[in-house]
Amino acid sequence: MKAMTPMAITAKTIVNSCGLGEASTIDALRNNCSGLKQRAYEGLNFDTWLGIVDEIESIEIEPKLERYSCRNNLLAQLALQTDNFHVSVESAKLRYGAERVGVFVGTSTSGIAETESAYSHMHHYDTFPDNFDLLHTHNMSSLQSYVQYFLGLYGPGHTISTACSSSAKVFAAAYRHIVSGQCDAAIVGGVDSLCMSTLYGFNSLQLVSKEICRPFDANRNGINIGEAAGFILLEPATVDHSKVKFKGYGESSDAYHMSTPHPEGDGAVIAMNDAMTRASLAATDIEYVNLHGTATRSNDQAEALSLFRVFGDKVVCSSTKGFTGHTLGAAGITESIISILALEQNILPGNLNMQAWDETLRIKPLEVTTNRSVENVMTNNFGFGGNNCSLIFGW
Amino acid sequence: MTVYINDISVIAPGLIDRTITRSILLGDKNWVYQEIPKLIPNMLPANERRRTTPMIRLALACIQGLSNDCNDLQNTSTVFASSDGDFEISDKICTALSNDEKMISPTLFHNSVHNSAAGYWSIASLIKGASTSISSGDATFMSGLQEAVTQAEVDGGTVLFVAYDYPAPSSSPLDKYSLIKYPLAIAIRIGKTAENKTLGTLKLEGPENDFKESVCRNLSLEPLRTASPVGHGMPLIEALVRRARMQVIIPYLRDEKFRISISH
């Protein structure tokens, strides 16, 4: 396995239930303040906590992109217009040319909420709504195509949809396209918005908690679903050595079960080791791990064991899903940006909501956000189908 | 980027029996529609097999059509590409959610992920390599091939690329909106080194707007080429089977196309 050529993170934007933009997420992390709320959501008939981005309601899609109109693409637009991200993209377009900037994005459900609404419409009126547009909303590629049109980018790209690892794997795809000369820079990102398919789907697996989610807690009993979006501009590190770098990726499969992780975390161990090999770093070089840490019994148990196998029990880590909820296809980008913010802001996020640590896990996450300056961090994301991805960021 | 094409497999209506499929791809016989019989993914344990859908079974059967003499099984990564994923599952979930009870079964939900076929394949093969599942709408075949070639180029090892599209059930309202008329799966095993059954090398050039999309040499295959996003890959499969040095133009994003040069 070849060592990776580091790539610089030259711009980023993040939107989730903690608020719009980096400053909101930093505030939430510093103040140990969750974006999750126990609240009703139209169409939902059970109690849970949700991470909702209320600002979606107040924005409109650009008229020329009307056919892409759905909650997922509106959330994408909200993020692209936050933190001056679209301005940084304009500058990259000038430097490289619009056809030399790739777009690699992840989502698990794209605009399926539109199809859910259409079926509900049909249930009452026997017909789909007139403006239903399968390809530009429901189809997974809607996100990539919308981002490309919105930003005026004509480079290569695709949408990755591997459940909850989707927007972690975009870094590996973008890296490969840049080093093989198919583009000079890339937008990587991910968006997932609330929809009934995932809310009722996870509930059918009895994985949704009625309470606020408590990763690594002895009494943890499931996830809270949150919506989120995030994007990063990735460029060769040679353009700006002062930025945090993307240093390594590891991708693997559990080859075990569709919805339950490998009990010993075999696939996760491969992903973490491959990421370190590509980054030319050893386990002792990783000073913080942002956990997948969903707060289901099985994820946290398997992940803790995989961490123990790679790092031993002294690893500094936390799950930030207590802040944002599980943002599914957007978890990779959300937690990558949180890891990058940790490096930039000299903070290590706390494992919010953990009241009684589950000692059987042996891995003890940081309880509260702590001031500390570190060089290299890892983030883990694991998805249904046994799909794993670990990423390393550092100075 | 140049890689070896080490094996190919295709399944579609009328392209089921290997000998007949070969004759059609060589242009010796005309393609006629013939329904795909029920495919049984013997590679899976019985409990997992029961949970599969026709789309998943199509993708798995196509991969099963590849020879097993790959040098590099454990070092295999996979690229699964499908424009729309599993309409049957979307239809069942959205129908259930439009009723008052909103009951979804756990199997229905875990089959709803775009990487469902990839998940089942890894369970069957026990291969723990990298696995991605993508969509690029109408450009899905070319995007998937590009990602597979790029992975072989940058990360090395063997890359198993499988592209598959499956129509919506005719009873589903989604059928009216879907562009997919026939099921089709294409699997290609790619590597940076040659294997015993290597069909040749493949080089990607582009994308360019000026290239003109290839049609099937065997014109009777045209309905299959135009019946789904994965259909765009049919001229490539034909060229690989015919073993003649040639170029094939495959559509990509927007109006762009890639030129694929094949050497045998």
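Residues numbered from 1 in each chain as written. Chains lettered and ligands numbered in written order. Predicted model: local features only at pLDDT ≥ 70, side-chain atom pairs only at ≥ 80, totals over all residues.

Draft legend 1. Local environment of the overall build of chain B. Of regular secondary structure, chain B possesses nine helices and eight strands. In terms of overall dimensions, chain B is globule-like: its C-alpha atoms have a radius of gyration of 18 Å, near the 18 Å expected for 264 residues. In chain B, which comprises 264 residues, the share counted as buried stands at 56%. (Helix = DSSP H or I, 4+ residues; strand = E, 2+ residues; numbered from the N terminus. Rg over C-alpha atoms; globule rule 2.2 N^0.38 Å. Buried ≥ 20, exposed ≤ 12 C-beta atoms within 10 Å, placed from the backbone.)

Draft legend 2. Representation of the overall build of chain A in the model. For chain A, the helix and strand inventory stands at 12 helices and 16 strands. Against the 2.2 N^0.38 benchmark of 21 Å for 395 residues, chain A shows a C-alpha radius of gyration of 20 Å, consistent with a compact globule. Seen along its three principal axes, the alpha-carbon backbone of chain A occupies a region of about 60 × 50 × 40 Å. Across the 395 residues of chain A, 66% fall into the buried class. In chain A, of all internal contacts separated by at least 6 residues, the share reaching a separation of at least 24 is 80%. (Contact = placed C-beta atoms within 7 Å.)

Draft legend 3. Examining the interface of chain B and chain A more closely. Facing 50 residues of chain B, the contacting portion of chain A comprises 54 residues. When contributions to the side of chain B that touches chain A are tallied by element, the ones reaching two or more residues are helix 4 (87-98), helix 5 (106-110), helix 6 (116-125), strand 3 (131-135) and helix 7 (140-155) of chain B. Sorting elements by how many residues they give to the side of chain B that touches chain A places helix 7 of chain B first, with seven residues. Residues that form the side of chain B that touches chain A fall into these classes: 18 nonpolar, 26 polar and six charged. Where strand 6 (residues 157-160) of chain A lies against strand 3 of chain B, two bridges are found, and the strand directions are antiparallel. Residue pairing in the sheet places Thr159(A) in a bridge with Ser135(B) of strand 3 of chain B. (Nonpolar A, V, L, I, M, F, W, Y, C, P; charged D, E, K, R; others polar. Pairing = 2+ DSSP bridges.)

Draft legend 4. Structural context of the nonpolar core. Residues Cys62(B), Tyr164(B) and Ala185(B) are the most contacted members of the largest nonpolar core, which totals 208 residues. Apart from the residues lying within four places of it in its own chain, the contact partners of Cys62(B) are Ser9(B), Val10(B), Ile11(B), Val162(B), Tyr164(B), Ala185(B), Ile186(B) and Ala187(B). (Core = buried A, V, L, I, M, F, W, Y, C linked by C-beta atoms within 7 Å.)

Draft legend 5. Looking closely at unusual backbone geometry. Going from Gly206(B) to Pro207(B), the amide bond is cis rather than trans, its omega being 5 degrees. Structurally, the position occupied by Pro207(B) is in strand 6 (residues 200-208). In the Ramachandran plot, Ala255(A) falls in the positive-phi region, its phi being about 50 degrees despite a non-glycine side chain. By the element assignment, Ala255(A) lies in the loop between strand 10 (245-253) and helix 9 (266-278).

Draft legend 6. Representation of the pairing of strand 2 (residues 76-81) of chain B in the model. All names here are of chain B. The element strand 2 is extensively covered by neighbouring structure, given that six of its six residues are classed as buried. Because side chains alternate across strand 2, one face comprises the buried residues Thr76, Thr78 and Phe80, and the other comprises Ser77, Val79 and Ala81, equally buried. Looking at chain direction, strand 2 and strand 4 (residues 158-165) are connected through six bridges and run parallel. Bridge assignment links valine 79 to a residue of strand 4, and that residue is phenylalanine 161. Strand direction decides the pairing type here: strand 2 and strand 3, joined by four bridges, are parallel.

Draft legend 7. Structural view of the packing of helix 4 (residues 112-125) of chain A against helix 4 of chain B. For the pair helix 4 of chain A and helix 4 of chain B, the least separation of the axes is 8 Å and the interaxial angle reads 55 degrees. With respect to helix 4 of chain B, the element helix 4 of chain A is oriented oblique. Relative to helix 4 of chain B, the crossing made by helix 4 of chain A is right-handed. Residue-level inspection shows Ile112(A), Thr115(A), Glu116(A), Tyr119(A), Ser120(A) and His123(A) of helix 4 of chain A in contact with helix 4 of chain B, the latter providing Ser90(B), Cys94(B), Thr95(B), Leu97(B) and Ser98(B). Broken down by class, the residue content of the contact of helix 4 of chain A with helix 4 of chain B amounts to four nonpolar, six polar and one charged. (Axes fitted to C-alpha atoms, helices over the stretch in contact; angles between N-to-C directions. Parallel < 35°, antiparallel > 145°, perpendicular 65-115°, else oblique. Left-handed = near helix turned anticlockwise from the far one by under 90°.)

Draft legend 8. Quick look at helix 8 (residues 196-204) of chain A. Of all nine residues that make up helix 8 of chain A, eight are buried, and the element is covered over most of its length. In this fold, the buried residues of helix 8 of chain A make contact with helix 4 and strand 8 (225-226) of chain A together with helix 4 and helix 5 of chain B. After helix 8 of chain A finishes, the residue Gln206(A) shows a positive phi value of roughly 55 degrees.

Draft legend 9. Fine view of the environment of Val154(B). Note that Val154(B) resides in helix 7. Discounting chain neighbours no more than four positions away, the residues touching Val154(B) are Arg176(A), Val179(A) and Ser180(A).

Draft legend 10. Local environment of helix 9 (residues 234-242) of chain B. Most of helix 9 of chain B sits inside the fold, with seven of its nine residues counted as buried. Trailing helix 9 of chain B by a residue or two, Arg243(B) shows a phi angle of about 50 degrees, which is positive.

Draft legend 11. Spotlight on the pairing of strand 8 (residues 257-263) of chain B. Residues and elements named next belong to chain B. Of the strand pairs in this sheet, strand 6 and strand 8 are connected by six bridges, and their pairing is antiparallel. Its bridge partner lying in strand 8, glutamate 208 is registered against lysine 257. As judged from the six bridges shared by strand 7 (residues 246-251) and strand 8, these two strands associate in the antiparallel manner. Its bridge partner lying in strand 8, methionine 246 is registered against isoleucine 262. Remark: five residues form the turn of the hairpin made by strand 7 and strand 8, two consecutive strands paired antiparallel; arginine 254 in that turn has positive phi of roughly 50 degrees.

Draft legend 12. Representation of the sheet that holds strand 4 (residues 49-51) of chain A. The sheet built from three strands is open, its strands ordered 3-4-8 (chain A) with mixed pairing. Here the strands that pair on one side only, and so sit at the sheet edges, are strand 3 (37-38) and strand 8 of chain A.

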